[in-house]
Amino acid sequence: MAEMIYTHIEPSEDYVNKTYSKTYLKNRRTNSEYKKLRVNINNHGILYPIVASCNNQAIGKLDVGGQRMGIAIDLCLNKIPAILYSIHRKTGFKGTPITGIDDIVKICGESIKSEPVYQIVVGAIKNIRWRNNYPPDPLKN
């Protein structure tokens, strides 16, 4: 059964390696945008979750948030916010169920609507519903 949850996960270089090219990974710490984001995260924490597909505790390629994941690793953060989804199975993680886009706004606040995370999650919800013969809503138990 499909699932989407909000949770916190441990940062891992493996997730970043699945998302970015080796050239980017080698040069990321010298990128000016990366440096600005790193200062912001160091001062304010990670404001918006990463988004990734996940099946049975195996996180796939990050849909959004690869730079945040890399910065979390650089800053030695233990946990980062994440929205994990699975089209056909359970994610294998415990967390707050997401059954619609209103849940994302409740969790992250109205400002998330202007972030790439929002559109990725909307698309994932639509994809889950479409692949699971919506209605009924497959995100609800």
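The present account deals with the structure reproduced in this document. Treat the numbers as computed from the prediction; the structure is a model and nothing was measured. (Residues numbered from 1 in each chain as written. Predicted model: local features only at pLDDT ≥ 70, side-chain atom pairs only at ≥ 80, totals over all residues. Heavy atoms only, no water.)

This part takes up unusual backbone geometry. At asparagine 56, a position not held by glycine, the phi torsion is positive, near 50°. With respect to the helices, strands and loops of the structure, asparagine 56 is situated in the loop between strand 2 (50-55) and strand 3 (58-64). The exposure class of asparagine 56 is exposed, given its relative accessible area of 53%. Its identity is not glycine, yet cysteine 76 carries a phi of approximately 60°, on the positive side. Looking at where cysteine 76 falls in the secondary structure, it is placed in the loop between helix 4 (66-74) and strand 4 (80-86). Of the residues examined, cysteine 76 reaches a relative accessible area of 62% and is grouped as exposed. (Helix = DSSP H or I, 4+ residues; strand = E, 2+ residues; numbered from the N terminus. Buried < 20%, exposed > 50% of the residue type's maximum accessible area, 1.4 Å probe, protein only.)

Our next topic: helix 6 (residues 116-131). Over its 16 residues, helix 6 extends 23 Å from the first C-alpha to the last, a length consistent with the 22 Å expected when each residue adds 1.5 Å. Among all positions of helix 6, only Val117, Tyr118, Val121, Val122, Ala124, Ile125 and Ile128 are buried. One face of helix 6 carries all of its buried residues, which in axial projection span an arc of 165°. Away from its buried face, by an angle of more than 90 degrees, helix 6 presents the exposed residues Pro116, Gln119, Lys126 and Trp130. Those residues of helix 6 hidden inside the fold are in contact with strand 1 (3-9), strand 2, strand 3, helix 4, strand 4 and helix 5 (101-108). (Expected span 1.5 Å × (residues − 1). Arc of directions from axis to C-beta. Contact = heavy atoms within 4.5 Å.)

For the pair helix 5 and helix 6, interaxial distance at closest approach is 10 Å and the crossing angle is 150°. Classified by the interaxial angle, the pair formed by helix 5 and helix 6 is roughly antiparallel. For the crossing formed where helix 5 meets helix 6, the hand is right-handed. Together, Ile101, Ile104 and Val105 of helix 5 and Tyr118, Val121, Val122 and Ile125 of helix 6 make up the contact between the two elements. Looking at the contact of helix 5 with helix 6 residue by residue, the classes come out as seven nonpolar, no polar and no charged. (Axes fitted to C-alpha atoms, helices over the stretch in contact; angles between N-to-C directions. Parallel < 35°, antiparallel > 145°, perpendicular 65-115°, else oblique. Left-handed = near helix turned anticlockwise from the far one by under 90°. Nonpolar A, V, L, I, M, F, W, Y, C, P; charged D, E, K, R; others polar.)

Side chains that are nonpolar tend, in soluble globular proteins, to be buried together. Counting residues in hydrophobic clusters, the biggest one holds 21 residues, and the most contacted among them are Met4, Ile83, Ile112, Val117 and Val121. Looking at this core, the elements that each hand over two or more residues are strand 1, strand 4, helix 5 and helix 6. With seven residues, the single largest contributor to this core is helix 6. Setting aside anything within four residues of it in sequence, one finds isoleucine 112 in contact with Tyr48, Pro49, Ile104, Val105, Val117 and Tyr118. Counting residues in hydrophobic clusters, the runner-up holds 20 residues, among them Ile9, Ile46, Ile50 and Leu84. (Core = buried A, V, L, I, M, F, W, Y, C linked by side-chain atoms within 4.5 Å.)

Applying the stated criterion across every chain yields a total of four salt bridges. For lysine 90, the salt bridge is made with glutamate 3, and the minimal N-O distance between the two is 3.9 Å. Linking lysine 90 in the loop between strand 4 and strand 5 (96-97) with glutamate 3 in strand 1, this pair joins segments that are 87 residues apart in sequence. You can call glutamate 3 buried: its relative accessible area is 13%. The salt bridge involving arginine 29 is made with aspartate 74; its shortest N-O contact spans 2.5 Å. Pair noted here: arginine 29 is in the loop between helix 2 (22-27) and helix 3 (32-44) and aspartate 74 is in helix 4, with a separation of 45 residues, a long-range link. (Salt bridge = Lys/Arg side-chain N within 4 Å of Asp/Glu carboxyl O.)

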